[in-house]
Amino acid sequence: MLAPGLTLSRQWLDDPAYARYGFSFWADTHGGQKGLISDASFLQGRVRLKGALPLWREGRLLARVEIGATAAAEFNKLPPDERFFAGGDQSVRGYNYQAIGASRDDNGGVIGGRYLNVFSLEAEQAIKGALGLALFGDAGGVGDSPAPEVHFGVGVGLRYRAPFGSVTVDLAHPLDPDQPVVRLHLGVRVGL
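Computed from a predicted structure; not experimentally measured.

Engineer: Any chance you could explain the overall build of the chain here in plain terms?
Structural biologist: Each helix and strand counted, the chain has zero helices and eleven strands in total. When the helices and strands of the chain are read in sequence order from the N terminus, they spell out β-β-β-β-β-β-β-β-β-β-β. For 192 residues, the compact-globule estimate of 2.2 N^0.38 gives 16 Å, and the C-alpha radius of gyration of the chain, at 18 Å, lies within 12% of that figure. Expressed as lengths along the three principal axes of its C-alpha atoms, the size of the chain is roughly 60 × 40 × 25 Å. Within the chain, the fraction of its 192 residues that count as buried is 40%. Sequence separation of at least 24 residues holds for 53% of the intrachain contacts in the chain that already meet a minimum separation of 6. For the chain, the exposed surface amounts to about 10500 Å²; the carbon and sulfur share of it is 61%.

Okay, here's the thing in structure tokens:
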């Protein structure tokens, strides 16, 4: 699959490692043409916005929105890396990485979708020195329509503010009844 594209990004942060105020914008569009080293014709766009606002002394509010859409006549010919999935520590916490998709195949594997919608809010507060706590809520869905079924996750997290950013440890609870009660997510956040 040959899929040339264009990516734009911009950020304004008061601190590049640990932003209390600022936002970032990232957008990508790419596509392929059947017969030009591609098995299918498609066009895909994706936009991600992140923001940080100071709430009170040593506290901040983080917000994230990510949306995407794919136009393809033969969607089933697109490889998995050209489909949308949700779930995981950079998406809807409480769910496995890429566990949210449009449907499942005969073996129970998640099939990605044409559309992606992910939203997140997180309140973070320093409690002692470099240690902090966070409360968060995530929502997201993937489907074959622009308004897919939305899955929710809520949780608490521990934050350690290191010189390079934040080390994050999250305990997240998915609100779907068929999911495990809690899932552990580990990560590193630089800037936003």
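On we go from here.
Engineer: Just checking my understanding: could you explain the sheet that holds strand β2 (residues 22–32) for this structure?
Structural biologist: Across a sheet, paired strands are connected by hydrogen bonds in the backbone, their directions being either parallel or antiparallel. Ordered in space as β1-β2-β3-β4-β7-β8-β9-β10-β11, the nine strands form an open sheet in which the pairing is antiparallel. Taken across any chain shown, the strands that pair with only one partner, and hence form the sheet edges, are β1 (5–13) and β11 (183–189). Across the sheet, the mean angle separating the axes of adjacent strands is 15 degrees when strand polarity is ignored. The sheet contact formed by strand β3 (residues 42–54) and strand β4 (residues 59–72) spans 13 bridges and is antiparallel. Looking at the pairing, L43 lines up with A71 of β4.

Engineer: For this particular structure, what's the right way to read the packing of aromatic side chains?
Structural biologist: The description of an aromatic ring pair uses the distance of the two centres, along with the angle that the planes make with each other. Per the counting criterion, the structure on display carries one aromatic pair. Taken together, a centroid distance of 4.7 Å and an interplanar angle of 35 degrees make the contact between W12 and F23 tilted. With W12 in strand β1 and F23 in strand β2, this residue pair connects regions lying eleven residues apart in the sequence. We classify W12 as partly exposed; its relative accessible area is 42%. A relative accessible area of 40% places F23 in the partly exposed class. Directly above the ring of Y18 sits R60, whose terminal nitrogen or CZ lies 3.9 Å from the centroid.

Engineer: Explanation requested: the nonpolar core in the structure shown.
Structural biologist: One recurring pattern in soluble globular proteins is that nonpolar side chains are buried together. F84, A86, V92, Y95, I100, L116, V118 and V142 form the largest nonpolar core, which has eight residues in total. With near-sequence residues (within four places) excluded, V142 lies in contact with F84, F85, A86, I100, G101, A102, G112, G113, Y115, L116, P148 and E149. Counting five residues, the second-largest nonpolar core is a separate cluster that includes A40, A72, F75 and L78.

Cut-offs applied
- By convention here, each chain's residues receive numbers from 1 onward along its written sequence.
- Note on the predicted model: pLDDT of at least 70 is required for a residue's local features to be given, and 80 or more for side-chain atom pairs to be given and counted; whole-chain, interface and lining totals, by contrast, use all residues.
- To get the side-chain values, all heavy atoms of the structure are used, and hydrogens and water are removed first.
- Every helix listed is a DSSP run of H or I at least four residues long, and every strand listed is a run of E at least two residues long, numbered separately from the N terminus.
- We compute the radius of gyration over the C-alpha atoms and compare it with the globule rule, which gives 2.2 Å times the number of residues raised to the power 0.38.
- Burial here depends on accessible area, computed with a 1.4 Å probe over protein chains only, as a share of the maximum for the residue type. Under 20% is buried, over 50% is exposed, and the range in between is partly exposed.
- For this analysis, residues touch if any pair of their heavy atoms sits within 4.5 Å.
- We get accessible surface area from the Shrake-Rupley algorithm with a probe of 1.4 Å; when it comes to residues, only the shown protein chains can shield them.
- DSSP calls a pair of strands paired once it identifies at least 2 bridges connecting them.
- Throughout, an axis means a line fitted to C-alpha atoms (over the contacting stretch in the case of helices), and angles, computed between N-to-C directions, take values from 0 to 180 degrees.
- Between rings of Phe, Tyr and Trp, where Trp is taken as its six-membered ring, a pair exists when centres lie within 6.5 Å; planes separated by under 30 degrees are stacked, by over 60 edge-to-face, and by other angles tilted.
- The rule for a charge over a ring is simple: NZ of Lys or CZ of Arg within 6 Å of the ring centre, and within 35 degrees of the ring normal.
- In this description, a nonpolar core means a group of buried Ala, Val, Leu, Ile, Met, Phe, Trp, Tyr and Cys residues linked to one another through side-chain atoms lying within 4.5 Å.

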